[in-house]
Structures are given as C-alpha cells and as structure tokens.
Amino acid sequence: MGSETTRRHFLSQVSQVSQVIGGVTFNGETLAPMLTAIARAGRCNCIDLQTTLHQQMMSLDDAKHPVNTLRRHILLTLAALPVGLLVGGGISKGIQDLSPDEWLPHCSASVTACWHLMAMEGNDILMVEHYITHYLHVLMDWAERPSKYQSSAAYYATQSFLLLGLVALHKLPAPLNTLERLTQCTFAVKYARMSQDKILLVTALTHYGNALYDRHHLPEMLKTYVEADSHRSAIPDVLQSKVSLELAHAYAQHGMMKESLYALNQAQDLFPGSVEAPPFLQKDYGRHSLLLFSGLTYVDISRHAEKSKYTHQAANELAKVDHPGTDRIPQRFLVEIRNQQALAAVHDQNFDDFERYLKLGVEGARSLKSEKRRQEAFSTLLAAGRAWPHESRKVLQLAELFA
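Bear in mind the structure is a predicted one, so any value in this text is a computation, not a measurement.

### Quick notes on helix 8 (residues 150-171)
- An ideal rise of 1.5 Å per residue puts 32 Å on 22 residues; helix 8 measures up with 31 Å between its terminal C-alpha atoms.
- Burial runs high along helix 8: 20 of the 22 residues are buried.

This is the structure we're talking about:
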C-alpha cells in the first residue's frame, strides 16, 4: 500500500471517529480534526502525539455533562484504528505493506485509548486485549529491527504488554492470572529497555515488581525496585514517589521497618499536588495509589512491630479516600482499596468495618467482573475466619456474598 493510499485510509478512519464524536468538543477542538491535521502534516513524533491525545481524553474524563456512552464509543473507535488499517477493505495486510510514518500514529491513539478504557467498568478491558493482540506482533517486529522507528515501536510494545498484563490479572482465573501477568511484564521490561525511555523503563519495572509480589517472589521483587530506584535522577518526582512507595511495601514484606518507613515518608513528600505524566503513568498512579500502598505497608509493618499502632494507621490512610475533595478514583483501584480496608479492619479487630468494606469489595468486584478483586475479597474473608473463630457463624453468612 502506497503512502498516499495509506494516508487516505487513515483519514477515512478518522472520519469514522468524527461521526462518533459528533458535536462534542474538548477545549474547543474535536479530537478528529486534530488527528486529521497530524496525518496531513506527515509527522510521526509518537510520544508527543500520545501526550496530546491523552490530554484530549482527560478533557473528556473531566466533562461535567453525562457523556459516558459517548466517551466509551470514542475510546473504542480510537482503540480499533490500527486494526482497521491492518484489515482495511477486509484484506489482511502484511508488515511489509505498512508505512510506519502512517501506522504508528494509529498505535499512539489506540494505546492511549486503552489506558483510558482500563479505568472503565465491566468488560471494556477485554476489548483492550482484543485490539492490542491484533497489532502487537507488528510493533514487536519493528522494535527488533534497527531503524529510526525502532524506539517508537518498542515504546508502544512496552505499553501493550503492560496493558495485557493488567487485563490478565483481572480476567483470568487464579493462579493463571498472576502467572500470565508476570510473563507479560517480563516482555514489557525487555521492550522498555529497547525504547531508551527511562520513564517507561522505570514504570515497567514497577509493574514487574508488583507482578513478582503477586507470585510471592519477594527477594526478586525487592531487587527489581532497587533497580528502578537506581534511575531516580532521570525520572520526574511523581515517578520517584511511585518507586519509593513500592520500595516501602517491599521493605515491609522483608521486615525492614526502618527502611520501609523512610521510603514511605519519601513517597509522600515527593508526590506532587497534581500528576502531569504520560498516560501509562498518570492512569496507573495517583493520590489513591499513595493511600492504598501506604495502607498496605502499614499492615505489613504491623506484622513485625507494634500491631495496634500500625493497623490504626493503615485504616486511617485508607479512610482518606472518602474525604471531601478527593479526586475521582478509577473503579479498579477503588475496589482494591475497599478490599484493603476490609483487611485492615480484620487486623484492627473491627468486625463492623470488616463487614461493611467486604460487602463493598465484593459488589465492586462483581461490577468490574474482576477475578483479581474477587480473590482479594475472598482472601480477606478467610483471614476474618482465622481472626474471629468465635464469630464463625457471621463469617460463614458473609461467604454467601461469593455465591
């Protein structure tokens, strides 16, 4: 397919996006004309393009009017753009038929939309897997070949693997979900190194470390976070905060209370008032993450120190998500926080709070259709059975929530 033909196909795809968007504007400019202008200019600065698209999508997230259905259609249409080019006219194209200058912007739009879809409820995250698996092989092929497009292809391949890891975590049954996520994160780190982008590499390492934690590979988890921390001078404060927070959690797992508390204070000090970062960081880390992992860390520290002091701190940190003025929290994070609030209540010997938050966690897991969140809630139920053997009848009644 020639360059001009490819451009016409791209503009046709954009026209479809424009029909979906209709008259909705973002900062006075519709998304479709912006993509059209980029296509006609023939530019392919994919990192800048992703930043621009992300800002436009954030404007839609922040809209005051009810546009959830419209927003979903926009995101799904953008996520499908690379697939539309690969099978344009119903005929599958080979890699040799694609022009990187024209096709990589499709991937930029798709991957960015997928990060936003991950924040939505229900089965939309399955569409993330559906679209990415259709074109990831192309990104991998270009990332492996020396060319001026190699780092850009690796940049999007890395994000694709991170996204697939998150989808696996929520949708596959245990223990396949954590095993598959670990596999996807291993590939993400590999391609992040090829991308030569430090922010993306450190982000991939934090995902990998979290995947190791889910598989109970604690020494390797700590080693991974230490490597991420070695790049501190090359990353923004918000990512430094994330690395410190993950280190605090890892140190707590190893009973290194002093190091854990120091890293936790460092994470809180470094966190900015607002997060301005690439979508793979901004959609995966915010004040809610800080509160969540602070709570997790205090619970882990309580196993090695004065229990009542740190379980109270865990409950207090997690409770801040309900304070007035708290930013909107993506549903998959909010449900995780509810599960951790239930667990903190178990450690704090507060049955009423445990029951309240367990119900919220199970309800949220069902709404998300998330196997991971359901597992978390069920593990907390088992912990409650051990903590309150004299309340076995009440705990058994709560087991009916999982029916």
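### Some remarks on the packing of helix 6 (residues 100-117) against helix 7 (residues 124-144)
- At a minimum axis separation of 10 Å, helix 6 and helix 7 run at an interaxial angle of 150°. When the axes of helix 6 and helix 7 are compared, the pair comes out roughly antiparallel. As helix 6 packs across helix 7, the resulting crossing turns out to be left-handed. Residue-level inspection shows Pro 100, Trp 103, Leu 104, Cys 107, Ser 110, Val 111, Cys 114 and Leu 117 of helix 6 in contact with helix 7, the latter providing Asp 124, Ile 125, Val 128, Ile 132, Tyr 135, Val 138, Leu 139 and Trp 142.
- Its residues assigned to classes, the contact of helix 6 with helix 7 comprises 14 nonpolar, one polar and one charged.

### Some details on the environment of Ala 168
- Relative to the elements of secondary structure, Ala 168 occurs in helix 8.
- Here the alpha-carbon distance between Ala 168 and Glu 371, two residues 203 residues apart in the chain, equals 9.4 Å.

### Some remarks on the packing of aromatic side chains
- Across all of its chains, the model carries twelve aromatic pairs by this definition.
- Ring plane angle 20° and centroid distance 5.6 Å describe the contact between Phe 161 and Tyr 191, whose orientation is recorded as stacked. Here Phe 161 is found in helix 8, whereas its partner Tyr 191 is found in helix 9 (residues 176-195), with 30 residues between them in sequence. The residues Phe 161 and Tyr 191 share a single accessibility class, namely buried.
- On the basis of an interplanar angle of 45° and a centroid distance of 5.6 Å, the ring pair of Phe 354 and Trp 388 is categorised as tilted. Highlighted residues: Phe 354 in helix 18 (residues 351-368) and Trp 388 in the loop between helix 19 (371-387) and helix 20 (392-398), separated in sequence by 34 residues.

Cut-offs and rules
Residue numbers restart at each chain and count upward from 1, following the sequence in its written direction. Whole-chain, interface and lining totals are the exception, using all residues; otherwise, since this is a predicted model, local features are given only for residues with pLDDT of at least 70 and side-chain atom pairs are given and counted only at 80 or more. Only hydrogens and water are set aside when side-chain values are computed; all heavy atoms of the structure are taken into account. The helix count covers DSSP runs of H or I at least four residues long, the strand count covers runs of E at least two residues long, and both are numbered beginning at the N terminus. Take the number of residues in a helix, subtract one, and multiply by 1.5 Å to get its expected span. Between buried and exposed lies partly exposed: a residue is buried under 20% and exposed over 50% of the maximum accessible area for its type, with that area taken using a 1.4 Å probe on protein chains only. Helix axes use the C-alpha atoms of the stretch in contact, all axes being lines fitted to C-alpha atoms, and the angles between their N-to-C directions lie in the range 0 to 180 degrees. Just so you know how the angles are binned, under 35 degrees is roughly parallel, over 145 roughly antiparallel, 65 to 115 roughly perpendicular, and the rest oblique. If you view the pair so one helix is near and one far, a crossing is left-handed when the near helix is turned anticlockwise from the far one by less than a right angle, and right-handed when it is turned clockwise. The contact definition used throughout considers only heavy atoms, calling two residues in contact when any of these lie within 4.5 Å. Throughout this entry, Asp, Glu, Lys and Arg are counted as charged residues, while Ala, Val, Leu, Ile, Met, Phe, Trp, Tyr, Cys and Pro are counted as nonpolar. The remaining residues, Gly among them, count as polar. A pair of Phe, Tyr and Trp rings is counted when the ring centres sit within 6.5 Å of each other, with Trp represented by its six-membered ring. The angle between the planes then sorts it: under 30 degrees is stacked, over 60 is edge-to-face, the rest tilted.

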